[in-house]
Amino acid sequence: MDGFSIAFNEITLVLFTTLAPAGAVGYLLMSLPVLLGRVNEDDRRRLDQYSCLPLAIAMVGLIASATHLGNPSNALYVFTGVGRSPLSTEVFCAVVFLALAGMYWLYAFAETPRRWLQRILVAAVDVAIVLFVVSMAFAYQVDTIITWSLPLTPVALILNSLVGGPIITLLGFAAAGYRGHGPGQGRLLVAVAAVALVANTGVYLVIGAQLSGMANELVSASSLVPGFIPCVVVFALLAAAGLAVAWRSVGRDLTVRSLVAASLLVLAGIFVMRFTFYMSHLTVGLGV
Amino acid sequence: MPYAFHTNARRCTGCKACVMACKDQHDLGPDIAFRQVYEYGGGTWERREDGTVASDAFAYYVSVACNHCANPACSQVCPTGAMHKDERDLMCVDVQRCIGCGYCALSCPYRAPKVDRDAGHSVKCDGCTERVAAGMKPVCVEACPRRALDFGPADEIVERYGIESNLLPLPDATATSPRLALTLPTCVEADPQRVARDGAVLNLREIV
């Protein structure tokens, strides 16, 4: 009944909830120049084609989540629970996002893509992303799991996506060779991630304080996650290091290598906190 | 017609014949049990002024499986509808629909559903629904040498044993409205505050 074993058993879900929200928000932010029509034809084409990068990050997360299923061949039944089961709603939103994003990406290779159709498609993808991240944030809001049904639990995941997403967008820009409107655009993205990081750290400290007083008849939350606050510190340091690398890269020339390093640092920080989330699983009764 | 279990925590000796009968009936290995017996106790030894030693220890046993709740968490979160009430209103797993995601196991406050990783789907107490259909009681009930367990139509169980369904270490009944009637142990009836203050689950390593 130790938290580490619980989280390790759900390691694919830790990966999923680390990668998918960050990849999805990264995709959304990367699509904004195209959506707003502020790019020339050449930039638009490269941004469209390299939008597969954040999409691939989100898809790796989704594939990871599917591997924890005992019997994926029954997966289509998941759609019968949309609106009733939070997990069904989350999977449905994920599938809509991936289907629309996949269609958009394929259409980008058309010889003469119609701009208006592309913009409608990318707007639809962005709406799907918002719904996906929100549905994911509320996927584990079940009254009987007292450590997961905290009011700030969904906020933490949404902020995770806002810490990781902008850095993945920068990586996408670098891979596409897109410089946009100069370093100001990149700095704005790092600033958004920095503000989200500060808020996210604060949210985790509040969650940590709430967890310290929780227990059922079998175990206490603080014994399941004995190092919650040190983990928050590790998260903040890793993510801050990632943002610093990204900031430095923005100030010079966006390089894929430095932004891969920045993304890995930020995602590693988020991974730590997602791991503690699964470690903290505790029901109101006899479940751990 | 909903069914309910009755557990008599005054009679139960914690022998676990119910647990083993259930494992036998459902062919369960060492890692999965549909029924658990919790040993709950506390108290200490005290030396009196005259030099004698007295104990105020208390202990009782609670045998619990799925309570086929009226407000079940497991089926509410199940994404596929595999976790469902059958025609006898007993919570069962439809293995043709279950994806083995484990959300039912995560959400149940009674530890009732488990994911059988080898089989690839959730498994749980189905109230021995086939035995019930044949007019018999669940095997755990029939195995109990102290007749501390009973099972039957919910209204008959309530009429016979009352409506009490709160007893530590079980979760508060408001969480899922379990179909469970309890006969409380004498130590709880005598001093429930003391039991709540000093009690703890004493057999954690036996719980799977």
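See the structure shown above.
Residues numbered from 1 in each chain as written. Chains lettered and ligands numbered in written order. Predicted model: local features only at pLDDT ≥ 70, side-chain atom pairs only at ≥ 80, totals over all residues. Heavy atoms only, no water.

Asker: I'd like to hear about the overall build of chain B, residue by residue, with values.
Answerer: Per the secondary structure count, chain B includes eight helices and twelve strands. Taken over the C-alpha trace, chain B has a radius of gyration of 18 Å; the compact-globule value for 208 residues is 17 Å, and the two agree within 12%. Projecting the C-alpha coordinates of chain B onto the three principal axes gives extents of approximately 70 × 35 × 30 Å. Nonlocal contacts in chain B, meaning residues at least 24 apart in sequence, comprise 62% of its contacts between residues at least 6 apart. Of the roughly 9500 Å² that chain B leaves accessible, carbon and sulfur atoms contribute 48%. In chain B, 23 side chains carry a positive charge and 27 a negative one; their mean positions are 1 Å apart. (Helix = DSSP H or I, 4+ residues; strand = E, 2+ residues; numbered from the N terminus. Rg over C-alpha atoms; globule rule 2.2 N^0.38 Å. Contact = heavy atoms within 4.5 Å. Areas by Shrake-Rupley, 256 points an atom, 1.4 Å probe, with all protein chains shown as cover. Lys, Arg positive; Asp, Glu negative; His and termini not counted. Charge placed at Lys NZ, Arg CZ, Asp CG, Glu CD.)

Asker: Please give an account of the sheet that holds strand β1 (residues 3-8) of chain B that cites residues and values.
Answerer: Residue and element names in this part refer to chain B. Spatial strand order, β10-β1-β11: three strands in an open sheet with mixed pairing. The outermost strands of the open sheet, each flanked by one partner alone, are β10 (149-153) and β11 (180-183). Between one strand axis and the next, the sheet turns by 20 degrees as a mean value, whatever way the strands run. With five bridges joining them, β1 and β10 adopt antiparallel strand pairing. Paired with Thr7 across the two strands is Leu149, which belongs to β10. Docked against the sheet, helix α6 (residues 154-161) engages β1, β10 and β11, running at close to 130 degrees with respect to β10. (Pairing = 2+ DSSP bridges. Axes fitted to C-alpha atoms, helices over the stretch in contact; angles between N-to-C directions.)

Asker: Mind laying out the packing of aromatic side chains, listing which residues take part and the relevant values?
Answerer: All names here are of chain A. Under the counting rule described, the total for this entry stands at 20 aromatic pairs over all chains. When the ring of Phe4 is compared with that of Phe275, the centres are 5.2 Å apart and the planes differ by 50 degrees; the resulting orientation is tilted. Of this pair, Phe4 sits in helix α1 (residues 3-9) while Phe275 sits in helix α11 (residues 256-279), and the two are 271 residues apart along the sequence. When its relative accessible area of 48% is taken as the criterion, Phe4 is described as partly exposed. Consider the rings of Phe97 and Phe132, whose centres lie 5.8 Å apart with planes at 25 degrees: the pair is stacked. Residue Phe97 is located in helix α5 (residues 86-107), and its partner Phe132 is located in helix α6 (residues 115-137); the two are separated by 35 residues in the primary sequence. (Phe/Tyr/Trp six-rings, centres within 6.5 Å; stacked < 30°, edge-to-face > 60°. Buried < 20%, exposed > 50% of the residue type's maximum accessible area, 1.4 Å probe, protein only.)

Asker: If you had to explain the environment of A:Val233 to someone new, which residues and values would you point to?
Answerer: Turning to its location among the elements, A:Val233 is positioned in helix α10 (residues 228-251). Sequence separation between A:Val233 and A:Leu205 is 28 residues, and the spatial gap between their C-alpha atoms is 9.5 Å.

Asker: Please set out a nonpolar patch on the surface residue by residue, giving values where relevant.
Answerer: On the surface, A:Leu76, A:Phe79, A:Val82, A:Val91, A:Phe92 and A:Val95 cluster together into a nonpolar patch covering about 490 Å² of accessible area. Looking at the secondary structure, you find A:Val82 in the loop between α4 (52-66) and α5. (Patch = residues over 30% accessible without salt bridge, like charges linked within 9 Å, V, L, I, M, F, W, Y side chains within 5 Å. Salt bridge = Lys/Arg side-chain N within 4 Å of Asp/Glu carboxyl O.)

Asker: So what's going on with the interface of chain B and chain A? Which residues, and what values?
Answerer: When the parts of a complex come together, some accessible area is lost, and that lost area is often used as the size of the interface. Facing the 37 residues of chain B at the interface are 33 residues of chain A. Counting the surface lost from both chain B and chain A, the interface buries some 2600 Å², and carbon and sulfur atoms represent 60% of this. Looking at the side of chain B facing chain A, the largest losses of area belong to B:Ile99, B:Tyr103 and B:Leu106, adding up to 25% of the total buried there. Counting every contact that joins chain B to chain A gives zero salt bridges. Along the contact surface separating chain B from chain A lie 22 residue pairs in polar contact (both at pLDDT 80 or more). Put simply, the parts of the chain that give the side of chain B that touches chain A at least two residues each are β2 (36-42), α2 (73-77) and α3 (103-107) of chain B. Ranked by residues supplied to the side of chain B that touches chain A, first place goes to α2(B) with four residues. For the side of chain B that touches chain A, the per-class residue count stands at 24 nonpolar, ten polar and three charged. (Buried area = accessible area lost by both parts, 1.4 Å probe. Polar contact = N/O pair within 3.5 Å; in protein donor to acceptor, adjacent residues only side chain to side chain. Nonpolar A, V, L, I, M, F, W, Y, C, P; charged D, E, K, R; others polar.)

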